[in-house]
Amino acid sequence: MINLPISIDAIIPEITLACGAMFLLIIGALSKRIITNTLSYAAVLLLIFTFFLLVSLNWDTSISMNGFFVMDSFAGLIKSAVLLSMAGVLALSTGYMKREEIVAFEYPILVLLSTLGMMVMVSANDLLSLYIGLELQSLALYVLATIRRNSLRSAEAGIKYFVLGALSSGMILFGSSIIYGFAGTTNFTAIAEAFSANPDMKLGLSMGLVFLLSGLAFKISAAPFHMWTPDVYEGAPTSVTALFAIVPKLAALALMMRIFCEPFMGLQDMWVQILWVLSVASMLVGAFAALTQENIKRLLAYSSIGNVGYALIGIIVGGTGGLGATLYYFLIYMAMTAGTFGIIMSLRREGASLEKIESLEGMSKTHPVQAYVLAILMFSMSGIPPMAGFFGKLFIFESAIAGGYIYLAVLGVVSSVVAAYYYLRIIKVMFFDEQVEELQYETNVPRDAVIIVSILIITGLVLMPEPLLIMTQNATASLF
Amino acid sequence: MLAALIFYLFAGILSLSALMVITARNPVHSVLFLILAFFNAAGLFVMLGAEFIGMLLVIVYVGAVAVLFLFVVMMLNMEFKELRKGSMRFIPVGLLLGGVLLTELVIVYQTWKINPKVLTETLGDSAAAPEVPLTNTEALGQILYTDYIYIFQGAGMILLVAMIGAIVLTLRERSGLKRQKVADQQKRQASDVLEIKKVTPGTGI
């Protein structure tokens, strides 16, 4: 080993990912032909390689890079999930991008750089590294939303996402500056120490926290900060929508868990109220606004808003029980969403991609296997036993009741009953409606592999739901 | 005495030109006043001993941002009078919202407490203070690549993404463009392109 003034052992996965992304960028720029597909597969391999590097690291809690970077078992678990799901999303998108003739070779590079941003976010131990990570992942995602630049809707989605995202980044910065002004430091550990030494600066810190939280609520699209979600999900290419729905929210939720458990633990009575409102509003918006949607991508957008609402319940409850349940819920949600998007991206009708729910009519007769797979995913999403989604909701509501948040649990159950209507409607359209036009299912090996993995995860968790829960609870234990 | 005089000079011109930025009828004048405001603010920073921020203000804001504004204003050729027509309607609402926010901030400011360490401890007091006082620029240079290397490199990655994004979204390959190829020009031999024909008088080619 070379002797460096600071130890870089903990950030080796990040360094590998950054260098790999830049290397692939140079290859792509120098190559005479368009090699988007090759680069995508190389990016998937790079993500998996980074995952193995991450697993080989020591996951004991350690703070490095002059206090900016923290590595613990929580960060390790989230980063592994981010890396693997990003590899899955890239595998989903290769066939789709080729067919839709989106040839920009920068696509996989931007996905890699956004992954890097998420890893920085998850390991942030300072308001500065929080902001750098958040901005790195968002900036790459803004470009991805607009990557089909000749399409008006894609450009609109990108602009909307960019303007609102910039606003939320501004709020995060403003909140951070207030927090810095009062605590005199941006380091999470030091903020917690300063607060416990001087409890009377609570008001100033909570001012900053409100701004920080509003900005983060934009990023996880919690109601009432959700306005951009349906439009962006609808306008972006479907493979990018899949990315938006699956990965970034996990990183942002993990970031929220960390800032609530470390620097702002002392302000718990403040942020619990805010999260309570965010959670209830998201659950209700996700359930009721989705009822009238005809577009599958908009429907999934509202569904993701609702799911963020459920995930927030666990953060409100707190402790390893609550946070573990949230992580468990969201990991299952990610697997289900990956499968759903995989099927939707594979279906075509008259050579065009599928957008409307009614296009699924009569799918059970022409493509029974795919119809049953989608039905399993929908049952799981709506939380019907014995699917994995049921256990996710069960553990969340169980933790809410154990923590004394009865109203929250009741509202959650009510809104998930309402939400079940639109999930079941998809099944009804597939199995009981007459087919008008023929559907084509396009096989693509990496995409089908992702769908199979997603189904295996969901059915596997039915048989043994406990081990993953124990894993997530152990991981969150390192936050306390 | 002299310092106070210079301060009031800079501050006065700064406030006046800031006022002119929003009242000037000609948008080009607005941008020019903005540049004047930046210069005076930079002067104030230098007086505070923050010469690095002063230089940044001149280089980044005057050199890049304000010039960009000037370009945009001149190239767009917008009818600013048309834009302003309706803006008076929004003034009451704007004042109301601003007033509410200001009152809230004042109320909060009267009750909140700042970490006492922030008020007493400044950079110069810390035990590691060097014997020869450093300038701002030197002090920043010493920590940027050492203590803050992680953040610095992260910011570099963000700029890389911004650059990739700008290229992905705007670069278009156009066919039929005539480009100069120096290597091809150099390789060109007279024998490749010239042909000598003998012309007998009176016949033509």
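About the thresholds
Residues numbered from 1 in each chain as written. Chains lettered and ligands numbered in written order. Predicted model: local features only at pLDDT ≥ 70, side-chain atom pairs only at ≥ 80, totals over all residues. Heavy atoms only, no water. Helix = DSSP H or I, 4+ residues; strand = E, 2+ residues; numbered from the N terminus. Buried < 20%, exposed > 50% of the residue type's maximum accessible area, 1.4 Å probe, protein only. Contact = heavy atoms within 4.5 Å. Areas by Shrake-Rupley, 256 points an atom, 1.4 Å probe, with all protein chains shown as cover. Buried area = accessible area lost by both parts, 1.4 Å probe. Polar contact = N/O pair within 3.5 Å; in protein donor to acceptor, adjacent residues only side chain to side chain. Nonpolar A, V, L, I, M, F, W, Y, C, P; charged D, E, K, R; others polar. Patch = residues over 30% accessible without salt bridge, like charges linked within 9 Å, V, L, I, M, F, W, Y side chains within 5 Å. Salt bridge = Lys/Arg side-chain N within 4 Å of Asp/Glu carboxyl O. Lys, Arg positive; Asp, Glu negative; His and termini not counted. Charge placed at Lys NZ, Arg CZ, Asp CG, Glu CD. Core = buried A, V, L, I, M, F, W, Y, C linked by side-chain atoms within 4.5 Å. Domains from an automatic or database assignment. Axes fitted to C-alpha atoms, helices over the stretch in contact; angles between N-to-C directions. Parallel < 35°, antiparallel > 145°, perpendicular 65-115°, else oblique. Left-handed = near helix turned anticlockwise from the far one by under 90°. Expected span 1.5 Å × (residues − 1). Pairing = 2+ DSSP bridges.

A few words on the overall build of chain B. Helix and strand content of chain B: 10 helices and 0 strands. For chain B, the α and β elements follow one another from N to C terminus as α-α-α-α-α-α-α-α-α-α. Per-residue burial for chain B yields a buried fraction of 18% across its 205 residues. Excluding contacts between residues fewer than 6 apart, the proportion of contacts in chain B whose partners are at least 24 apart in sequence is 59%. With the model as given, the accessible surface of chain B reaches about 16,600 Å², and the carbon-plus-sulfur share is 69%.

On to the side chain of Ser114 of chain A, then. In this structure, Ser114 of chain A sits in helix α4 (residues 106-122). Discounting residues that sit within four places of it in the chain, Ser114 of chain A has contacts with Met86, Gln137, Ala140 and Leu141 of chain A.

Turning next to the interface of chain B and chain A. On the chain A side, the residues contacting the 30 residues of chain B number 39 residues. For the pair chain B and chain A, the two sides together bury roughly 2,900 Å², of which 79% comes from carbon and sulfur. Inspection of the region where chain B meets chain A yields 3 residue pairs in polar contact (both at pLDDT 80 or more). Elements represented by at least two residues in the side of chain B that touches chain A include exactly α5 (91-111), α6 (116-120) and α8 (149-170) of chain B. Class assignment of the residues belonging to the side of chain B that touches chain A gives a composition of 21 nonpolar, 6 polar and 3 charged.

Residues and elements named next belong to chain B. Residues Arg172, Arg174, Arg179 and Lys181 make up a contiguous surface patch of positive charge. Looking at the element boundaries, Arg174 is found in the loop between α8 and α9 (182-187). On the basis of relative accessible area, Arg174 is assigned to the exposed category, the value being 62%.

Here we take up the nonpolar core. All names here are of chain A. The biggest cluster of nonpolar side chains holds 199 residues, and the ones touching the most others in it are Leu275, Leu312 and Leu360. Here the element with the most residues in this core is helix α14 (residues 319-346); it accounts for 16 residues. Residue assignment places this core across two domains, with domain 1 (1-263) and domain 2 (266-480) each supplying three or more. In this structure, Leu312 is in contact with Ile220, Ala222, Leu253, Met256, Leu275, Leu278 and Ser279, ignoring residues within four places of it in sequence.

With that settled, consider the packing of helix α1 (residues 12-30) of chain A against α8 of chain B. The geometry of α1 of chain A relative to α8 of chain B is characterised by a closest axis approach of 12 Å and an angle of 25° between their N-to-C directions. Taken together, the axis directions place α1 of chain A and α8 of chain B in an arrangement best described as roughly parallel. Like other packed secondary-structure pairs, α1 of chain A and α8 of chain B cross with a definite hand, here left-handed. For the pair α1 of chain A and α8 of chain B, contact is made by Ala18, Met22 and Leu25 of chain A and by Met157, Leu160 and Ile164 of chain B, respectively. Looking at the contact of α1 of chain A with α8 of chain B residue by residue, the classes come out as 6 nonpolar, no polar and no charged.

For the rest of this paragraph, the subject is helix α8 (residues 202-220) of chain A. Because the α-helix completes a turn every 3.6 residues, residues three or four places apart line up on one side. Between the first and last C-alpha of α8 of chain A there are 26 Å, a value that for 19 residues agrees with the 27 Å anticipated at 1.5 Å per step. One or two residues past the end of α8 of chain A sits Ser221 of chain A, with phi positive at roughly 50°.

What follows concerns the domain arrangement of chain A. Residue and element names in this part refer to chain A. Parsing chain A into structural domains produces domain 1 (1-263) and domain 2 (266-480). Facing 55 residues of domain 1, the contacting portion of domain 2 comprises 52 residues. Summed over both partners, the interface of domain 1 with domain 2 comes to about 4,600 Å²; 75% of that surface belongs to carbon and sulfur atoms. The largest per-residue losses of area from domain 1 upon contact with domain 2 belong to Leu92, Arg99 and Met257, which jointly make up 14% of the total buried on that side. Run the count over domain 1 and domain 2 and you get 6 salt bridges. Residues Arg348 and Glu100 are paired through a salt bridge, measuring 3.6 Å at the closest nitrogen-oxygen approach. On the surface where domain 1 and domain 2 come into contact, there are 14 residue pairs in polar contact (both at pLDDT 80 or more). Among the elements that make up the side of domain 1 that touches domain 2, the one with the highest residue count is helix α3 (residues 73-99) (13 residues). Residues that form the side of domain 1 that touches domain 2 fall into these classes: 32 nonpolar, 13 polar and 10 charged.

So, about the side chain of Gln137 of chain A. Residues and elements named next belong to chain A. By the secondary structure assignment, Gln137 is in helix α5 (residues 127-145). We classify Gln137 as buried; its relative accessible area is 4%. Sequence-distant contacts of Gln137, defined by excluding residues within four places in its chain, comprise Ser114, Gly117, Met118, Met121 and Pro248.

This part takes up the sheet that holds strand β4 (residues 352-353) of chain A. Residue and element names in this part refer to chain A. Reading across the sheet, the 3 strands line up as β4-β3-β5 and stay open at both edges, with antiparallel pairing between neighbours. Every other strand in the sheet has two partners, leaving β4 and β5 (440-441) as the edge strands with one partner each. As defined by bridge partners, strand β3 (residues 347-349) adjoins β4 across 2 bridges and the pair is classed as antiparallel. When the bridges of β4 are listed, Arg348 appears paired with Ser353. Across the face of the sheet, α14 comes into contact with β3 and β5 while running at roughly 30° to β3.

Turning next to the pattern of salt bridges. Residue and element names in this part refer to chain A. For the structure shown, the criterion picks out 18 salt bridges over all chains. In this structure, Glu234 engages Arg153 in a salt bridge whose closest nitrogen and oxygen atoms are separated by 3.2 Å. Taken together, the residues span a long stretch of sequence, with Glu234 in helix α9 (residues 228-235) and Arg153 in helix α6 (residues 152-183) at a distance of 81 residues. Taking the relative accessible area as the measure of exposure, Glu234 reaches 17% and is therefore buried. With a relative accessible area of 41%, Arg153 lands in the partly exposed category. Salt bridges here are not isolated pairs; linked through shared partners, they connect Arg153, Glu156, Lys160, Asp231, Glu234, Lys297, Arg298 and Glu355.

Turning next to the packing of α8 of chain A against helix α12 (residues 268-288) of chain A. All names here are of chain A. Packing of α8 against α12 brings their axes to within 10 Å, and their N-to-C directions diverge by 25°. With respect to their mutual orientation, α8 and α12 come out roughly parallel. In this structure, α8 crosses over α12, and the sense of that crossing is right-handed. Residues Lys202, Ser206, Leu209, Val210, Leu213 and Ala217 of α8 form the contact with α12, whose own contacting residues are Asp269, Met270, Trp271, Ile274, Leu275 and Leu278. For the contact of α8 with α12, the class distribution of residues is 9 nonpolar, 1 polar and 2 charged.

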